[in-house]
Amino acid sequence: MSDEPRFSDSFLISIREAGSVLLTTHRSPDGDAVGSSLAAAHMLEALGKNVVVWIPSGVPGPYAFLPGTDGVHVGEPPPGPFDVTLVVDTSEPGLLEGDLPGPDVCGKVLVLDHHLSGGTLGDEVVRVEVAATGELVWELAGLLGLAPSGDFAICVYVAILTDTGMFRYDLTSPESHRIAARCLELGVRPYEVARHVYESYPAAYLSVWAELLGTVHLDLDGTFATLVVPPDLLSRHGVSEEALEEVVGYPRGIEGVEVAALIRRKADGRVRVSLRSTGRVNVAELASHFGGGGHFGAAGCDFPPGTDLSEARRRLASVLGEKLGR
Ligand SMILES: [Mn+2]
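Cut-offs and rules
- Residues numbered from 1 in each chain as written.
- Predicted model: local features only at pLDDT ≥ 70, side-chain atom pairs only at ≥ 80, totals over all residues.
- Heavy atoms only, no water.
- Pairing = 2+ DSSP bridges.
- Helix = DSSP H or I, 4+ residues; strand = E, 2+ residues; numbered from the N terminus.
- Axes fitted to C-alpha atoms, helices over the stretch in contact; angles between N-to-C directions.
- Contact = heavy atoms within 4.5 Å.
- Polar contact = N/O pair within 3.5 Å; in protein donor to acceptor, adjacent residues only side chain to side chain.
- Disulfide = S-S within 2.5 Å.
- Phe/Tyr/Trp six-rings, centres within 6.5 Å; stacked < 30°, edge-to-face > 60°.
- Buried < 20%, exposed > 50% of the residue type's maximum accessible area, 1.4 Å probe, protein only.
- Salt bridge = Lys/Arg side-chain N within 4 Å of Asp/Glu carboxyl O.

Colleague: What's the story with the sheet that holds strand β1 (residues 20-25) in this structure? I'm lost.
Modeller: Working definition: the strands of a sheet are paired by backbone hydrogen bonds and lie parallel or antiparallel to each other. With respect to topology, 5 strands assemble into an open sheet ordered β2-β1-β3-β4-β5, the strand pairing being parallel. What marks the edges here is a single partner per strand, and that holds for β2 (50-54) and β5 (123-126). Each strand of the sheet is rotated relative to its neighbour by a mean of 15°, with strand direction disregarded. Pairing of strand β4 (residues 108-113) with β5 involves 4 bridges; the strand directions are parallel. Following the sheet pairing, Leu112 is matched in β5 by Val125. Lying over the sheet, helix α1 (residues 9-17) contacts β3 (84-88), β4 and β5, oriented at roughly 115° with respect to β4. Helix α2 (residues 31-46) rests against β1, β2 and β3 of the sheet, and its axis sits at about 170° to β1.

Colleague: For this particular structure, what's the right way to read the side chain of His114?
Modeller: Along the chain, the position of His114 falls in the loop between β4 and β5. Within the structure, the side chain of His114 is placed 3.1 Å from the side chain of Asp89, a separation counted as a polar contact. In this structure the side chain of His114 is engaged in a polar contact, spanning 3.3 Å, whose partner is the backbone oxygen of Ala131. Beyond its immediate sequence surroundings of up to four residues, His114 is in contact with Asp32, Asp89, Arg127, Val128, Val130, Ala131, Ala132, Thr133, Asp163 and His295.

Colleague: What is the right way to look at the state of the cysteines in this model?
Modeller: Here is the idea: a disulfide is a covalent bond, and it sits between the sulfur atoms of two cysteines. For the structure on display, the rule yields 0 disulfides. The thiol of Cys155 is unpaired, and the distance to the nearest cysteine sulfur, on Cys183, comes to 9.6 Å.

Colleague: Would you take a moment to explain the packing of aromatic side chains for this structure?
Modeller: Within a pair of aromatic rings, the relevant descriptors are the distance that separates the centres and the angle that separates the planes. For the structure shown, the criterion picks out 7 aromatic pairs. Arranged with centres 6.4 Å apart and planes meeting at 50°, the rings of Tyr157 and Phe167 form a pair that is tilted. Residue Tyr157 is located in helix α5 (residues 150-163), and its partner Phe167 is located in the loop between α5 and α6 (174-185); the two are separated by 10 residues in the primary sequence. Using a relative accessible area of 23% as the deciding quantity, one classes Phe167 as partly exposed.

Colleague: Can you help me understand the pattern of salt bridges in this one?
Modeller: A side chain of one charge can pair with a side chain of the opposite charge if their charged atoms are brought near each other. Within the structure shown, the criterion is met by 18 salt bridges. Among the ionic pairs, Arg182 bridges to Glu185, the shortest N-O distance being 3.0 Å. Of this pair, Arg182 and Glu185 both sit in helix α6, 3 residues apart, which is roughly one turn of the helix. A residue is classified by how much of its surface remains accessible, and Arg182, at 36% relative accessible area, is partly exposed. Owing to a relative accessible area of 62%, Glu185 belongs among the exposed residues under this scheme. In this structure, the salt-bridge partner of Glu241 is Arg264, at a minimum N-O distance of 3.4 Å. Residue Glu241 is found in the loop between α9 (233-237) and α10 (249-252), and its partner Arg264 is found in strand β8 (residues 259-265); the two are separated by 23 residues along the sequence.

Structure follows, in structure tokens:
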């Protein structure tokens, strides 16, 4: 980890001097995206700024209990203008759900993120060694001289809880736990949060998972596990894509598995592959063979329309087989 300060003076001055701030994040917002956006909103409001959180598709159900959700602006961008736009949890323009309005509306664009990317949205604080963007928001609040509130703490806690996979993934650090511990001291109740985030899914999800887990296929001597989503699975059970979010964790958990994949056809006909690693194989690199990308442990790629789902699996297995020497 580098000892140089994470936040440049110009970044801090831009935040301090802003009277109005637009906050936004990436599409398919996860717990870190929503938690970091709302935590930053609580922080900036405590500093007396006018803040709008813009999440075009709204806050997904599991995070809707977080304080500040009611004020989130959905749909088209808010009219503004804003002095500063702070983008959290991505620095990749293509991963935003809606295009940022022009500089006349956005003002100066700042980024807080922990993903490797070639993106160039604005003045960026990107730290790939940090487990969650929420940790950067926590640090920023301290640099701005703020004592964390309970509302701020619960948003940061959800960001860290979800992006560390419940404190399991490799980037989980002593600092992740220290911040989480402070959040508990500020009133966060772990089971209450877990109930909302992980234990509030519709009963239909179990039927979806039961059917999907039955498609598990092991290749490469049991090191590559895939699930293939039947074409009408979601519509038959009346659920959205959210039902598929965590399910790839099951094949990853099989003893001996190095890489797990969830393969499905998207509405536009392309084949979407979500990849997860158990620690030895860099799945971002695997995904990059097919024009995708992501993290070492979690990545994704698309195959063009017309690709058969089982053909996508074979092509992945062939590249992975070379990497694994199988
Ligand atoms: Mn994140």
